[in-house]
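One letter stands for each residue in the lines below.
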Amino acid sequence: MSITCQTTPKKDKFRMPGEHEAHAEMWMAWPERTDNWRYGGKPAQQVFVNVAKAIVEVTPVTMAVSAAQYDNARRMLPENIRVVEMTTNDSWMRDIGPSYVVNDQGERRGVDWEFNAWGGLVDGLYFPWDRDDQVAQKICEINRDDRYRAPIILEGGSIHVDGEGTLYTTEECLLHESRNPDLGKSDIEQVLADYLNIEKVIWIPRGLYNDETNGHVDNLIHIVRPGEVILSWCDDENDPQYEISQEAWRGLCETTDAHGRQLKIHKMHIPGPLYIQDDEAGGIDICEGMERSAGERLAGSYANFLITNQRIILPLLDPAYDEKAKALLQDLYPGYEVVGVDAREILLGGGNIHCITQQVPAV
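These figures come from a predicted structure and were not determined experimentally.

Student: Could you clarify how one ought to interpret the environment of S91 in this entry?
Tutor: Tracing the sequence through the fold places S91 in the loop between β3 (82-85) and α3 (93-96). Note on S91: relative accessible area 0%, which makes it buried. Separated by 27 residues in sequence, S91 and A64 place their C-alpha atoms 8.7 Å apart. In this structure, S91 is in contact with A29, W30, P31, W37, F48 and I356, ignoring residues within four places of it in sequence. Looking at S91, its side chain comes within polar contact range of the side chain of D90, at 3.3 Å.

Below, the structure is given as structure tokens:
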């Protein structure tokens, strides 16, 4: 049974664990949207399979799939990956799935945020988004986990937590007029404190250049461990990402986390710059919200990796920088295995490996 809690996680002494803590399961959703994924999602589906295979060796995986694609997904995925029929509008599980919280008694509950497709009627990427907004509740129902319905529009990729009271986000996203225009910065901080039991919000001004999610933090940084972060970096002063990274660096250097620690910051060079090629733009249905035309700059980032149970799944995006990104992660995560997956196809859809996955913490 799954009930909707009428209190808050903070009141009930639940907290959101860091991604480096143990996972019981990983959720993903099958890509098929023809105005986002080229050629009916066929190339993307194969990459989602590759990501799922890399995860399932260390963490059980469940793939949510539409009725129309169920047989296809079941055939393409190995038998040790669970496939469940679930209607979605697209496949960004990080943003539509529940953000899980845990307590010291070995219990876990889901936080179900309101979802409006990264901007609703102001600058959202598609309409309708009602099926995506149901996904977090459905996952809690399937897992028999109680849930909290949070009174705020928020996507899971717009926040990072260290599990020890610190949350990282961008002003560009959480203060955007398309999310919660009636809430000021302090109002949003209060909701985050109530629903994730965090003590401090570190606000980074902007997210990665040309990120259509209004600058999700998971495309710009990743938390290595409490007090230590990876930052997407660019050395080319003529690249618009240069000033964004400099600004983020300055802000992170000048702050401390919830425990008063000075942050240790590791620079991870972005791939590219990468652009949509002519042949890649040709297989996508035209739509209003999403820019998928040839020449469009892609928001490529190695920081959009996934940590799960002593393994890191890293998007491979550019031969010029792939090995450097992998070497940095091997250095920062002793005892972890770093597995690279060719992920350009996910990037063409607007995100990467972190965006298409959502962990369920082990309790």
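There is more to say, and it comes next.
Student: Please explain the sheet that holds strand β11 (residues 228-233) as it appears in this structure.
Tutor: The pairing of strands in a sheet comes from backbone hydrogen bonds and takes either a parallel or an antiparallel form. Read from one edge to the other, the open sheet built from 3 strands follows the order β10-β11-β12, with strand pairing classed as mixed. Edge strands, defined here as strands with exactly one partner in the open sheet, are β10 (221-225) and β12 (264-269). When the angles between neighbouring strand axes are averaged without regard to direction, this sheet yields 30 degrees. As judged from the 4 bridges shared by β10 and β11, these two strands associate in the antiparallel manner. Counted as the bridge partner of I221 is L231 from β11.

Student: Would you mind showing me how to read the pattern of salt bridges here?
Tutor: Two side chains bearing opposite charge may form a pair once their charged atoms approach each other closely. Evaluation of the coordinates by the stated rule reveals 20 salt bridges. Here E280 and R344 are joined by a salt bridge, their closest N and O atoms 2.7 Å apart. One end of the pair, E280, is in helix α9 (residues 278-281); the other, R344, is in helix α11 (residues 344-348), and 64 residues separate them in sequence. Taking the relative accessible area as the measure of exposure, R344 reaches 19% and is therefore buried. In the salt-bridge network here, residues are joined through shared partners; they are D112, D133, R147 and R149.

The rules behind each value
- Residues numbered from 1 in each chain as written.
- Predicted model: local features only at pLDDT ≥ 70, side-chain atom pairs only at ≥ 80, totals over all residues.
- Heavy atoms only, no water.
- Helix = DSSP H or I, 4+ residues; strand = E, 2+ residues; numbered from the N terminus.
- Buried < 20%, exposed > 50% of the residue type's maximum accessible area, 1.4 Å probe, protein only.
- Contact = heavy atoms within 4.5 Å.
- Polar contact = N/O pair within 3.5 Å; in protein donor to acceptor, adjacent residues only side chain to side chain.
- Pairing = 2+ DSSP bridges.
- Axes fitted to C-alpha atoms, helices over the stretch in contact; angles between N-to-C directions.
- Salt bridge = Lys/Arg side-chain N within 4 Å of Asp/Glu carboxyl O.

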